[in-house]
Amino acid sequence: MILLNLQGHDFHYEAENIVRVFYPDEQIRVVYDEPPQGRLTSRMEKSGNIFCLTAQWDGETQTDTLPADVPDLAARQELMMATTLYRLLSKRTGYVPAWGILTGVRPSKLMHTLTREMGDEGAQRYFRDTLLVRENKTALAAAVARQEAPILASSSRDSYSLYLSIPFCPSRCSYCSFVSHSITGSGAKKLIDPYVGLLCRELQQTGEIAASLGLRLESVYIGGGTPSILSAAQLRQVCSAVADSFPLPTAREFTVEAGRPDTIDADKLRALRDAGVTRISINPQTLNDDVLTHIGRRHTAQQMLDAFRLAREIGFDNINTDLIAGLETDTPASFHRTLEGILALEPENITIHTLALKRSARMVTEDKAAATGGMAVAQMLEDGQHLCTAGGYVPYYMYRQTRSVGNFENVGWCRPGYEGLYNIFMMEECHTVLACGAGAVTKLRDPDSTHLERIFNFKYPYEYISRFDELTARKARIKEFYQEYIIKTTPQRK
Ligand code: SF4
């Protein structure tokens, strides 16, 4: 355990994040104003008109100073605290994180904000010189921000997107930390039918609210879990509820995360196509069968290739494939073969995630398996960037997760013109997302500020089913929010 000793400040959240970048597997306990011996200490002292920030551990020290009369003093102090801690830990471990001190912030979102304030060059300089982000990651964040800009500009004050959650999967992947129920050998399968019925009711109620507020639907995303675990009839039922309750013709995108190839068949794909789904995701994570077995996915690479070809035959012309860099037993060479196999399919989108090991993942709690190391993941991501770029793909959205191997990023690549709109809207939080189903989180966005309010649905399907009526009360907040934040500043709205 690392004792993180803070003296003279309480930037504990940022300090913990920085330490976690260097020591992802250690427990960190924050203590205050204890003697520095044996503790990683971050101290802030004022002497005259100068603040002095010191990071210290086992005789090693890193110091910096800040005039007390600078504007945004608290933000500058926090930044300097992070920098001194980062430099100390980098010197001690020999590790130079690719994203510098940038933790807990979406890089492209920050790049948008900085670009507005400082222009392209200034924003990139700030990334490199102040946040200590490497050149190649700075360029990646800038490229994503450029690709997103026109799509974000197309979102208007009354725009919203719709998210539906299907929190069931055929089996549980070893790295999974989502609230998703494996239907293997459990009572979860019996929950699916009542769950779908109530989801359709929630869609109807939510659609009525959106209509009463005169909102404009931009995109629909059915995620999970594995939505294609539903039967073709259930998929039709859910998609009909969407079409009956929401103005689908205004939506520019309707995505269904089909997910696991072993749940996909022609009937289901036809049901989705007939319902007006424009984009699907078929997610192999890897095309290495041994790795698939290790991570608990009960399908083969061939099943993925077959599902992809079937989807093309049935008429899907916008398909995403998800990959993960850093899976247990995977190697850069095997990841390279996966990338080549995926590129040969010519999907419109390729999303390359970095493995993130949350505490609830089976891989952490039971298997104690070691993810492929940070160096190997760096190589995989660089390879991915190189091959995707050479294949004519551009990076269009990105995010980072805590506890990702090597503290790296997740990037969506697309053929130009095939950007996954929902991904951008959701990640950049540019408009409201109304969410239905267990574990779904509605995000209400005030277009005139950065204010964002969340409404949480019940996390687990059994709670969702047994306490469904309470959701109606929670969702009443949507109308109140629009009255408070939006309608008052939109005179043309009736
Ligand atoms: S398919 Fe996704 S949601 Fe389902 S168990 Fe695997 S990682 Fe979790």
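Quick notes on the rules
- Residues numbered from 1 in each chain as written.
- Predicted model: local features only at pLDDT ≥ 70, side-chain atom pairs only at ≥ 80, totals over all residues.
- Heavy atoms only, no water.
- Near = heavy atom within 4 Å.
- Nonpolar A, V, L, I, M, F, W, Y, C, P; charged D, E, K, R; others polar.
- Helix = DSSP H or I, 4+ residues; strand = E, 2+ residues; numbered from the N terminus.
- Pairing = 2+ DSSP bridges.
- Axes fitted to C-alpha atoms, helices over the stretch in contact; angles between N-to-C directions.
- Contact = heavy atoms within 4.5 Å.
- Phe/Tyr/Trp six-rings, centres within 6.5 Å; stacked < 30°, edge-to-face > 60°.
- Buried < 20%, exposed > 50% of the residue type's maximum accessible area, 1.4 Å probe, protein only.
- Lys NZ or Arg CZ within 6 Å of the ring centre and 35° of its normal.
- Salt bridge = Lys/Arg side-chain N within 4 Å of Asp/Glu carboxyl O.

**Q** Quick one: what's the story with the site of the ligand, residue by residue and with numbers?
**A** Taken together, the neighbourhood of the ligand is formed by twelve residues, with Cys169, Cys173, Cys176, Gly225 and Arg260 sitting nearest. By residue class, the composition of the shell around the ligand is five nonpolar, four polar and three charged.

**Q** Give a detailed account of the environment of asparagine 17, specifying residues and quantitative values.
**A** Relative to the elements of secondary structure, asparagine 17 occurs in helix H1 (residues 12-22). Measuring from C-alpha to C-alpha, the distance between asparagine 17 and lysine 268 comes to 43 Å, with 251 residues separating the pair along the chain.

**Q** I'd like a rundown of the sheet that holds strand E1 (residues 2-7), residues and numbers included.
**A** In spatial order, the strands read E2-E1-E3-E4-E5; together these five strands make up an open sheet with mixed pairing. Each of the sheet's edge strands pairs with one partner strand only, and the pair in question is strand E2 (28-32) and strand E5 (60-67). Direction aside, neighbouring strands of the sheet carry axes that sit 15 degrees apart on average. Judged from the eight bridges that link them, strand E4 (residues 50-57) and E5 form a sheet pairing that is antiparallel. Looking across to E5, one finds that threonine 54 is bridged to threonine 63. Packing against the sheet, helix H2 (residues 73-93) makes contact with strand E3 (40-47), E4 and E5, and its axis sits at approximately 160 degrees to E5.

**Q** Give a detailed account of the packing of aromatic side chains, specifying residues and quantitative values.
**A** Under the counting rule described, the total for this entry stands at 15 aromatic pairs. For the pair phenylalanine 22 and tyrosine 86, a centre-to-centre distance of 5.7 Å together with 70 degrees between the ring planes defines the contact as edge-to-face. Of this pair, phenylalanine 22 sits in helix H1 while tyrosine 86 sits in helix H2, and the two are 64 residues apart along the sequence. Judged by relative accessible area, which is 9%, phenylalanine 22 ranks as buried. Under the relative-accessibility criterion, tyrosine 86 is labelled buried at 5%. The rings of Phe168, Tyr195, Tyr464 and Phe468 are connected pair by pair, giving a single aromatic cluster. Positioned above the aromatic ring of tryptophan 57, the side-chain terminus of arginine 92 is 3.9 Å from the ring centre. Above the ring of phenylalanine 458, the side-chain terminus of arginine 474 is found at 4.3 Å from the ring centroid.

**Q** I'd like to hear about the pattern of salt bridges, residue by residue, with values.
**A** Oppositely charged side chains can form a pair if their charged atoms are brought close together. Inspection of the entire model under this criterion finds 24 salt bridges. Residue glutamate 409 is joined to lysine 137 by a salt bridge in which the shortest nitrogen-to-oxygen separation is 2.7 Å. Of the two residues, glutamate 409 sits in strand E15 (residues 409-414) while lysine 137 sits in helix H4 (residues 135-153), which places them 272 residues apart along the sequence. Comparing glutamate 409 with lysine 137 shows no difference in burial state: the two are buried. As a salt-bridge pair, glutamate 484 and arginine 477 come within 2.9 Å of each other at their nearest N and O atoms. Shared partners join several salt bridges into a network, and the residues in it are Arg106, Lys109, Glu429, Lys443 and Arg454.

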